[in-house]
Amino acid sequence: MNVGFIGLGRMGTGMAANLLKAGHQVAVYNRTPEKAAALIAQGAKAASRVADACRGEAVISMLANDDAVESVAFGKDGIVSSLPTGAIHVSSSTISVALSERLTEAHSKVGQCFVSAPVFGRPDAAAAAKLFVIAAGEPAAVAAATPIFESIGQKTFVLSNTPKAANLVKLSGNFLIASMIESLGEALALVGKGGVDPRQYLEMLTSSLFNVPIYKNYGGLIVGGTFEPAGFAAPLGQKDIRLTLAAAEELRVPMPLASLLRDRFLTLLAHGGDNLDWSAIGALAAKDAGA
Ligand SMILES: NC(=O)c1ccc[n+]([C@@H]2O[C@H](COP(=O)([O-])OP(=O)(O)OC[C@H]3O[C@@H](n4cnc5c(N)ncnc54)[C@H](OP(=O)(O)O)[C@@H]3O)[C@@H](O)[C@H]2O)c1
């Protein structure tokens, strides 16, 4: 396919590289242009403006947050005003349900297609084309975007004809991961202060009842205290809990655990955690325990 890619951060760089490897023609745009150099060396075309990444059959955006997606999509010469009729905007950023709804309407109004395709997997999975893609949108647009999903991920789950459903599911997943990080951090603080070796404890847990990658990977980060460099930065984790709570409020779904996580992230950020991985909230319980 002839596609554009906007947002060459931790995730976007690997995703764009895999589109190139799969044989697609890729025009890349990033706000900080230097980050495009390695991809251009691999055969990507440089797009110096957002509009220049919107000349093909589809454009994929992988940006930090709602503000970034809003400015790139709705700004002057942004995606909505530049994409050809019938072309697809594939939005892979973790954004709010409300913004996804606005994008769906705006693209539809001018005859473009919008597919929401947030992903599960950290930058290492993005680099290895091992992401899990959660896709939702009009079936014809989702089908047309499938070669993109197959190039960046190991499996695609098509959930709904309504794009915002994918955003809600992605947020719910990150809420679950953050809950796991918090509860595992508390359990580690408990056994650690009680004199049990945390590594042995984690080995026992992940070889028995909790034999799943998420416990192994995040458990390893918490036990090792290895929160830098961040794979998924704490402010983005905080954003996801905030967006989960916004969706919950809209749907009138009380989520007491999400409210607690919101405060955990604020504590982390208030103590200088901006550059840490979001799993650093898993170390707060040990601090609270004076361990
Ligand atoms: N990291 C993960 O493990 C992970 C996993 C799944 C999903 N996600 C989601 O994927 C998205 C990207 O995450 P990431 O880890 O790749 O983030 P990141 O490394 O911080 O990259 C963010 C990207 O957004 C761009 N950006 C930020 N603000 C902008 C603005 N106002 N205008 C234009 N561009 C702007 C940045 O451009 P500059 O280079 O110029 O700063 C960069 O390209 C987020 O929504 C995140 O929640 C992340």
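Our structure's up above, just so we're on the same page.
In this report, we go over the structure that sits alongside the text. As the structure is a prediction and not an experimental result, all values here were calculated from the model.

Each value, and the rule that gives it
Residues numbered from 1 in each chain as written. Predicted model: local features only at pLDDT ≥ 70, side-chain atom pairs only at ≥ 80, totals over all residues. Heavy atoms only, no water. Near = heavy atom within 4 Å. Polar contact = N/O pair within 3.5 Å; in protein donor to acceptor, adjacent residues only side chain to side chain. Areas by Shrake-Rupley, 256 points an atom, 1.4 Å probe, with all protein chains shown as cover. Helix = DSSP H or I, 4+ residues; strand = E, 2+ residues; numbered from the N terminus.

1. With respect to the site of the ligand
Here's step 1: Surveying the vicinity of the ligand reveals 26 residues, the closest of which are Asn30, Thr32, Lys35, Gly231 and Lys239.
Here's step 2: A distance of 2.7 Å is found between an oxygen atom of the ligand and a side-chain nitrogen or oxygen belonging to asparagine 30.
Here's step 3: Within the backbone of glycine 231, a nitrogen or oxygen atom sits 2.8 Å from a nitrogen atom of the ligand.
Here's step 4: Across the complex, the protein chains shield 87% of the 900 Å² of accessible surface that the ligand would expose by itself.
Here's step 5: Of all the elements in the fold, those that place two or more residues in the shell around the ligand are helix H1 (10–21), helix H3 (66–74) and helix H11 (234–251).
Here's step 6: Among the elements that make up the shell around the ligand, the one with the highest residue count is H3 (three residues).

2. Side note on unusual backbone geometry
Here's step 1: Here glutamate 228 and proline 229 are connected by a cis peptide whose omega angle stands at -5°.
Here's step 2: On the secondary structure map, proline 229 appears in the loop between helix H10 (213–224) and H11.
Here's step 3: Of note in the backbone geometry, aspartate 77 takes a positive phi value of approximately 55° without being a glycine.
Here's step 4: Here aspartate 77 is to be found in the loop between H3 and helix H4 (79–82).
Here's step 5: Although it is not a glycine, alanine 129 adopts a positive phi angle of roughly 55°.
Here's step 6: Looking at the element boundaries, alanine 129 is found in the loop between helix H6 (123–127) and strand E8 (131–136).

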